[in-house]
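# Chains, contacts and geometry: an overview
Chain residues, written in single-letter form:
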Amino acid sequence: MPWFVAIEGIDGSGKTSLRKWLYQELRGRGAGVLSIPSHCWLDPDATEIITDAKYHERVLSREALTAAYVRDKELLSARLIEPHRRNRGVLSDRYVWSDIVYHEVLYGTPRAVTAGAYRESAVSRPDLVILVTVSPEVATERIRARGVAADNRWDTLEMLRRIDEGFRAVAADPPYQTPVVELDNSGPPGAMLEFARETLLPSLSGTTRD
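This is a predicted model, so every value here is computed, not measured.

Here we come to the side chain of Thr109. Mapped onto the elements, Thr109 comes out in the loop between α4 (96-107) and α5 (111-119). For Thr109, a relative accessible area of 2% translates into the label buried. Every residue in contact with Thr109, bar those within four places of it in the chain, is listed here: Arg62, Thr66, His103, Glu104 and Thr114.

And the structure:
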């Protein structure tokens, strides 16, 4: 049966590695699956607001920023998630939880405000949220190993600690009632994927390929 899974967590936690691994494993088992971005960029006004705030540090009202993100995800839901969700599984690397957490840390928007805006919207709700966890210290080392630590202001150790706290708070009080699986990626290489193989793949691989 088709499904929509959102993978969340701090930078350096292993979200993207898990998403790529799930995609390859599911395809190898004959399951239909689509991997999607966290933005669709189909609304020019929303795109300008999001990119100006995120990449150019332009100061915008919290209301305008929240509305832009919700609009972008409503279009992502209507144009991409829902049409494909009818026939195949959909994997998203970051989704609503990330917006709730990062908006509080970067822009000072209370988690409850962003969560409320999404609850009242037409944004698709995942069938499952996978929260990939790792200590901010380990995440920082992984980011440094990529050579991109200086590029993003949210990838410092202090910011990662705040973001990690935010994800844990959202997990304790999620914006809607969606099953959550927490995967600890602080162990040896491959341990998280082996756990995912045993716990996630059996339920997700039932989606047949077109």
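This part is about the pattern of salt bridges. As enumerated under the stated definition, the model contains 14 salt bridges in all. One continuous salt-bridge network, built from bridges that share partners, spans Asp11, Lys15 and Arg94.

Glancing now at unusual backbone geometry. A positive phi angle, near 55°, is found at Glu57, a position not held by glycine. Note that Glu57 resides in the loop between α2 (44-55) and α3 (62-85). A positive phi angle, close to 85°, is found at Arg94, a residue other than glycine. Tracing the backbone through its elements, the reader meets Arg94 in the loop between β3 (89-93) and α4.

Across all of its chains, the model carries two aromatic pairs by this definition. Measuring from ring centre to ring centre gives 6.4 Å for Tyr102 and Phe167, while their planes differ by 75°; the resulting arrangement is edge-to-face. Here Tyr102, found in helix α4, pairs with Phe167, found in helix α7 (residues 157-172); they are 65 residues apart in sequence, far enough to count as distant. Grouping residues by exposure puts Tyr102 and Phe167 together as buried.

Empty space among the atoms becomes visible once a probe the size of a water molecule is rolled across them. The space that makes up the largest pocket amounts to roughly 810 Å³. Forming the walls of the largest pocket are 36 residues, and the residues nearest its centre are Asp11, Lys15, Thr16, Asp93 and Arg94. Elements represented by at least two residues in the lining of the largest pocket include exactly α1 (15-28), α2, α3, α4, α6 (136-146) and α8 (191-199). For the lining of the largest pocket, the element with the highest residue contribution is α4, accounting for six residues. Looking at the lining of the largest pocket residue by residue, the class counts come to 13 nonpolar, 13 polar and 10 charged.

The rules we used
Sequence positions are assigned chain by chain, starting from 1 and proceeding in written order. At least 70 in pLDDT is required for a residue's local features to be given in this predicted model, at least 80 for side-chain atom pairs to be given and counted, and no such filter applies to totals for whole chains, interfaces and linings, which use all residues. To get the side-chain values, all heavy atoms of the structure are used, and hydrogens and water are removed first. The numbering of helices and of strands both runs from the N terminus, where a helix is a DSSP run of H or I of at least 4 residues and a strand a run of E of at least 2. Buried means the residue's accessible area, taken with a 1.4 Å probe over protein chains only, is under 20% of the maximum for its type, while exposed means over 50%, and partly exposed covers the values in between. Contacts are assigned to residue pairs that have any heavy atoms within 4.5 Å of one another. Take a side-chain nitrogen of Lys or Arg and a carboxyl oxygen of Asp or Glu: if they are within 4 Å of each other, that pair is a salt bridge. Geometry of aromatic contacts follows a simple scheme: Phe, Tyr and Trp rings, the Trp one being its six-membered ring, pair when their centres are within 6.5 Å, and the pair is stacked under 30 degrees between planes, edge-to-face over 60, tilted otherwise. The rule is simple: put a 1 Å grid over the protein atoms alone, call a set of points where a 1.4 Å probe fits but cannot get out a cavity, call an open set with protein on both sides within 12 Å along at least five of seven lines a pocket, and count a residue as lining if it has an atom within 4 Å of a point. Grid points are joined across faces, edges and corners, and a volume is the space filled by probe spheres set on the points. For this classification, the nonpolar set comprises Ala, Val, Leu, Ile, Met, Phe, Trp, Tyr, Cys and Pro, the charged set comprises Asp, Glu, Lys and Arg, and every other residue, Gly included, is treated as polar.

Keep in mind that these numbers describe shape and distance, not what the molecule does.
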